[in-house]
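Close look at the chain arrangement
The lines below spell out each chain.
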Amino acid sequence: MNAQTLKQMDLDYVLHTYARNYTHFVKGNGATLYDDKGKNYIDFGSGIAVCSVGHGNERLAEAIYKQAKHLIHTSNLYLIEPQAKLAKKLVELSGYDMRVFFANSGAEANEGALKIARKFGEENGELKRYQIITLDSSFHGRTISTLKATAQSKMHQYFGPFPDGFVYAKDLSDIPNKISDVTCAVLLELVQGEGGITPFDKQEVQNLAKFLKEKNILLMIDEVQTGIYRSGELFASQVYGITPDVITTAKGLAGGVPIGAVMTSLKNIFSPSDHGSTFGGNFLSTSAALEVLEILSALKQSGELERTITYFTQKLQNLQKAYHEIFIQEVGLGLMRGLRVKDAETLSAFLESSFKNGVLVLKSGKNTARFLPSLTITKEEIDLGFERLESCLKAL
Ligand SMILES: *Cc1c(COP(=O)(O)O)cnc(C)c1O
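Keep in mind the model is a prediction, meaning the values are calculated, not measured. In this convention, every chain numbers its residues from 1, walking through the sequence in written order. This being a predicted model, a pLDDT of at least 70 is required before a residue's local features are given, and a value of 80 or more before pairs of side-chain atoms are given or counted; all residues contribute to the totals for chains, interfaces and linings. Calculation of side-chain values draws on the structure's entire complement of heavy atoms; hydrogens and water are dropped beforehand.

With respect to the sheet that holds strand E12 (residues 336-341)
Pairing between two strands requires that DSSP report at least two bridges joining them. Helix and strand assignments follow DSSP, with helices taken as H or I runs no shorter than four residues and strands as E runs no shorter than two, numbered in order from the N terminus. The antiparallel open sheet is built from 4 strands, whose spatial order is E11-E12-E15-E14. Of all the strands in the sheet, the pair left with one neighbour each is strand E11 (327-333) and strand E14 (362-364). Taken pair by pair, the neighbouring strands of this sheet meet at an average axis angle of 30°, ignoring direction. Looking at chain direction, E12 and strand E15 (residues 368-371) are connected through 4 bridges and run antiparallel. In the strand pairing of E15, Gly338 is matched with Arg370. Contact criterion: two residues are considered in contact whenever any of their non-hydrogen atoms come within 4.5 Å of each other. A fitted line through C-alpha atoms serves as each axis, taken over the contacting stretch for helices, and the angle formed by two N-to-C directions is quoted from 0 to 180°. Against the sheet, helix H11 (residues 304-322) contacts E11, E12 and E15, and its axis sits at roughly 165° relative to E11.

What to know about the environment of Gly338
For Gly338, the position within the fold is in strand E12. The sequence separation of Gly338 and Thr313 amounts to 25 residues, and the corresponding C-alpha distance is 9.8 Å. Setting aside its immediate chain neighbours within four residues, Gly338 contacts Ile197, Leu316, Gln329, Glu330, Val331, Thr368, Ala369, Arg370 and Phe371.

A closer look at the site of the ligand
Think of it this way: one heavy atom of a residue within 4 Å of a molecule or strand is enough to make that residue near it. If you check the shell around the ligand, you find Ser105, Gly106, Ala107, Asn110, Phe139, His140, Gly141, Glu189, Asp222, Val224, Gln225 and Lys251 and nothing else. Contacts to the ligand include Gly106, whose backbone N or O atom sits 2.8 Å from an oxygen atom. For this analysis, a polar contact is any N or O atom pair within 3.5 Å, provided that within protein one partner can donate a hydrogen and the other can accept it, and provided that sequence-adjacent residues contribute only side-chain to side-chain pairs. Contact distances for the ligand include 2.6 Å between an oxygen atom and a side-chain N or O atom of Lys251. Surface exposure here means Shrake-Rupley accessible area, sampled with a 1.4 Å probe, where a residue is shielded only by the protein chains that are shown. Compared with its free state, where it exposes 390 Å², the ligand has 81% of that area covered by protein. With 3 residues, the top contributor of residues to the shell around the ligand is helix H5 (residues 106-123). For this classification, the nonpolar set comprises Ala, Val, Leu, Ile, Met, Phe, Trp, Tyr, Cys and Pro, the charged set comprises Asp, Glu, Lys and Arg, and every other residue, Gly included, is treated as polar. Of the residues contributing to the shell around the ligand, the split by class is 3 nonpolar, 6 polar and 3 charged.

Remarks on the domain arrangement of the chain
An automatic or database domain assignment supplies the residue ranges for each domain. Looking at the assigned domains, one finds that the chain contains domain 1 (3-56 + 303-395) and domain 2 (71-301). For domain 1 and domain 2, the distance between their C-alpha centroids amounts to 26 Å. Taken residue by residue, the interface counts 29 residues in domain 1 and 29 residues in domain 2. Salt bridges, as used here, are contacts in which a Lys or Arg side-chain nitrogen is within 4 Å of a carboxyl oxygen on Asp or Glu. For the interface between domain 1 and domain 2, the tally reads 1 salt bridge. Taken together, the connections running from domain 1 to domain 2 amount to 16 residue pairs in polar contact (both at pLDDT 80 or more). Looking at the side of domain 1 that touches domain 2, the elements with two or more residues in it are helix H2 (46-49), H11, E11, E12 and E15. Tallying contributions element by element places E12 first for the side of domain 1 that touches domain 2, with 4 residues. Split into classes, the residues belonging to the side of domain 1 that touches domain 2 amount to 14 nonpolar, 11 polar and 4 charged.

Structural notes on the packing of aromatic side chains
Remark: the centre distance and the inter-plane angle together describe each pair of aromatic rings, the angle taken between the planes. In summary, the pairing rule links any two rings of Phe, Tyr or Trp, Trp by its six-membered ring, whose centres are within 6.5 Å, and it sorts them by plane angle into stacked for under 30 degrees, edge-to-face for over 60 and tilted for everything else. Under the defined criterion, the tally for this structure stands at 9 aromatic pairs. Judged by centre distance (5.1 Å) and plane angle (85°), the rings of Phe25 and Tyr41 are edge-to-face. Of this pair, Phe25 sits in strand E1 (residues 25-29) while Tyr41 sits in strand E3 (residues 40-43), and the two are 16 residues apart along the sequence. Between the aromatic rings of Tyr158 and Phe159, the centroid separation amounts to 5.9 Å while the plane-to-plane angle is 80°, which identifies the pairing as edge-to-face.

Describing the nonpolar core
Nine residue types can take part in a nonpolar core, namely buried Ala, Val, Leu, Ile, Met, Phe, Trp, Tyr and Cys, and a core is a set of them joined through side-chain atoms within 4.5 Å. When accessible area is computed with a 1.4 Å probe and restricted to protein chains, residues below 20% of their type maximum are described as buried, those above 50% as exposed, and intermediate ones as partly exposed. One finds Phe44, Leu90, Phe327, Ala369, Phe371 and Leu389 to be the most contacted residues of the largest nonpolar core, which totals 55 residues. Broken down by secondary-structure element, the contributors of at least two residues to this core are helix H4 (81-94), strand E10 (260-264), helix H10 (283-301), H11, E12, helix H12 (344-356), E15 and helix H13 (379-395). The biggest single contributor to this core is H10, with 8 residues. Taken together, domain 1 (3-56 + 303-395) and domain 2 (71-301) each give at least three residues to this core, which thus spans both. With sequence-adjacent residues up to four places away left out, Phe327 is seen in contact with Leu319, Gln320, Leu339, Arg340, Val341, Phe350 and Leu393. Judged by nonpolar contacts, the second largest core, of 27 residues, contains Ile175, Ile197, Ala209 and Tyr240.

What follows is the structure, given as structure tokens:
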């Protein structure tokens, strides 16, 4: 179908929730995407940290195909072999003594975390503890409760009334001020993905973890974006040297097949009928995730992931230095990185020009260019991407 007809169909029939770019991508290979005109793009966004093993990954496609031929779905009323295997793998690779619940998205994984926090609050303490503290500039999802957990009031317009019990802290150091006798949990990202790619200080996070443990308040880490080796470890929590009570993850877990997971050391928090999902953890998504973890854990083991992170970071830092009048600062963790741009207009111009030159770069917060390349990106793809960025910066 020609791109113009397709665009019109999209406008006529799909709700307008996205500020879409109407480029029509038709094929992908590794970190390279091709549009319907045959133009290629180096993908430094990976479908927002989702395509962790790149586009057109043969092993992932094969795993999905093999599973789909046999069974896609039977429901959680019966045993699901890849689901049990995936839970075991997440626990073993992370080293966290936890159990896992599977959902279909990041928001849904966070819904699970909120329910764990509420039940924990109900069962621990004389008062019903129900308040959950989240941070300014956070992002936790688009459902009514996760939207309320997202401490960005501009996103709350139109959609109230919201469920009660969300309290916002300005930053980590403000969390103790927000604790009351009905606080049950703190939910936060270690690197705020939508809030400008700002990794929190390791020592501060460790101090907070210790403080919350003493207060018997749950520490819940939203690793929907930071998880699945994006930080260099399976979870950013490992980089920070903390043991959270709850971890949520989603985006990169199944390489593009929808999935979400909530893991907790409160192994017996739920009883049958407390929580559930029709699709969550079905044969298709968990088989895909198992293959993704197979690929990525080998990449980690071999030292290849670390080399890619070092190489990519070096490239980004060089670019920042060469164009320091545009890029104020280089920020990030692992392959979740950002360039802080001097102002929002310059960022828009940079993103537009990058796209024209064949590089996909994302935005984060008000003035950060965000880089989330696939973890399997090659040195050649990185080189080509940065070459193209250089040429558009020269023209900017
Ligand atoms: C993307 C994201 C979510 C929401 O995930 P969906 O799959 O879009 O529901 C939640 N938290 C963080 C940190 C995210 O980056």
